[in-house]
Amino acid sequence: MCTAFHEVRFPLSLSYGSRGGPERRTEIVTLGSGDEERNSLWRHSRRSYNAGPALRRAEDIALLLAFFEERRGPLYGFRWRDTFDHASCALGQQPAPTDQPLGTGDGSTTVFPLAKTYGGAFAPYLRPIRKPVAGSVRIAVAGTELPASAFQVDPTTGRVTLAAAPAPGAAVTAGFLFDVPVRFASDRLEIDHQAVLAGVVADIPVIELRR
């Protein structure tokens, strides 16, 4: 099974105007009494997008064709920027080192995976972040930001390695930008050649890669 991934982002000029978002899989059983039982089949949501409606110019079509062919269709994964959800902070703000909790020090652990928490009042969802943007990650321990020399970030996995283990009880937090790991969801691109200098692609579906 091919798990290869190209660390390149789908061109932002092509993704503007796209549609998509998270999906969950829930099993709902209606009992004889009329009551419901609900069970979540997926631990994590899975995002999918469609960039087709955003494409119109001939230059866009040429860029898409080159990107699709180099990825060999759905064979190789790539990065996708979600317009409304690509940062540890609220939309329109800049990441701060205290945005997201990563864990608590125990005096020996030095590796902390990046994550983003959604909600907080009832059942917060912790989403693993596997494709941080290189150079965007900021880390704090016990509320104090660490210099860049005090930690390393693997931009291909989202794992942060600290140079020194945080003291027991010390909160480890992070701020960052991130992409979604995706692949094309179809082996085929269908382009409507309406004019010499323009074209329409009805569907360019991509789907999040999970492991």
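The shown structure was predicted, so the numbers you read here are calculated from the model rather than taken from an experiment.

Colleague: Help me understand the overall build of the chain, please; the structure alone is not making it clear to me.
Modeller: The helix and strand inventory of the chain stands at two helices and 19 strands. Counting only C-alpha atoms, the chain reaches 65 × 60 × 40 Å along its principal axes. A buried classification covers 37% of the 211 residues belonging to the chain. In the chain, the share of contacts with a sequence separation of at least 24, taken over all contacts with a separation of at least 6, comes to 73%. Between the averaged position of the 24 positive side-chain charges in the chain and that of its 22 negative side-chain charges there is a distance of 3 Å.

Colleague: Just to check I follow, could you spell out helix α2 (residues 58–70) for this structure?
Modeller: Along an α-helix, a turn takes 3.6 residues, which lines up residues three or four apart on a common side. In this model α2 runs 19 Å from its N-terminal to its C-terminal C-alpha over 13 residues, within 8% of the 18 Å that 1.5 Å per residue would give. The complete set of buried residues in α2 reads D60, I61, L64, F67 and F68. The arc enclosing the buried residues of α2, seen along the axis, measures out at 135°, which places them on a common side. Exposed positions of α2 whose direction lies more than 90 degrees from the buried face are E59 and E69. Looking one or two residues past α2, R72 carries a phi angle of roughly 55°, positive in sign.

Colleague: Just to check I follow, could you spell out the sheet that holds strand β12 (residues 144–145) for this structure?
Modeller: Pairing between sheet strands relies on hydrogen bonds along the backbone, with the strands arranged either parallel or antiparallel. Read across the sheet, four strands follow the order β7-β15-β11-β12 without closing on themselves; strand pairing throughout is antiparallel. Edge strands, defined here as strands with exactly one partner in the open sheet, are β7 (100–104) and β12. Where strand β11 (residues 138–141) lies against β12, two bridges are found, and the strand directions are antiparallel. Paired with A140 across the strands is E145, a residue of β12.

Colleague: Help me understand the nonpolar core in this model?
Modeller: Soluble, globular proteins show a tendency: their nonpolar side chains are buried together. Core analysis: the biggest nonpolar cluster contains 18 residues, and F10, L64, F78, W80, F184, I204 and V206 have the highest contact counts within it. Per-element tally for this core: the top contributor is α2, with four residues. Residues F112, L162, A170 and A174 belong to the second largest nonpolar core, which totals 15 residues.

Colleague: Teacher, can you tell me more about the pattern of salt bridges here?
Modeller: Oppositely charged side chains are able to pair whenever their charged atoms sit close together. Following the criterion strictly, the structure yields 13 salt bridges and no others. For the salt bridge of D179 with R79, the shortest nitrogen-to-oxygen distance reads 3.1 Å. Here D179, found in the loop between β15 (171–175) and β16 (180–184), pairs with R79, found in strand β6 (residues 77–80); they are 100 residues apart in sequence, far enough to count as distant. An identical accessibility class is assigned to D179 and R79; each is buried. Taken together, the shared-partner salt bridges in this structure form one network comprising E7, R9, R79, R81, K131 and D179.

Quick notes on the rules
Residues numbered from 1 in each chain as written. Predicted model: local features only at pLDDT ≥ 70, side-chain atom pairs only at ≥ 80, totals over all residues. Heavy atoms only, no water. Helix = DSSP H or I, 4+ residues; strand = E, 2+ residues; numbered from the N terminus. Buried < 20%, exposed > 50% of the residue type's maximum accessible area, 1.4 Å probe, protein only. Contact = heavy atoms within 4.5 Å. Lys, Arg positive; Asp, Glu negative; His and termini not counted. Charge placed at Lys NZ, Arg CZ, Asp CG, Glu CD. Expected span 1.5 Å × (residues − 1). Arc of directions from axis to C-beta. Pairing = 2+ DSSP bridges. Core = buried A, V, L, I, M, F, W, Y, C linked by side-chain atoms within 4.5 Å. Salt bridge = Lys/Arg side-chain N within 4 Å of Asp/Glu carboxyl O.

These figures capture arrangement, not role.
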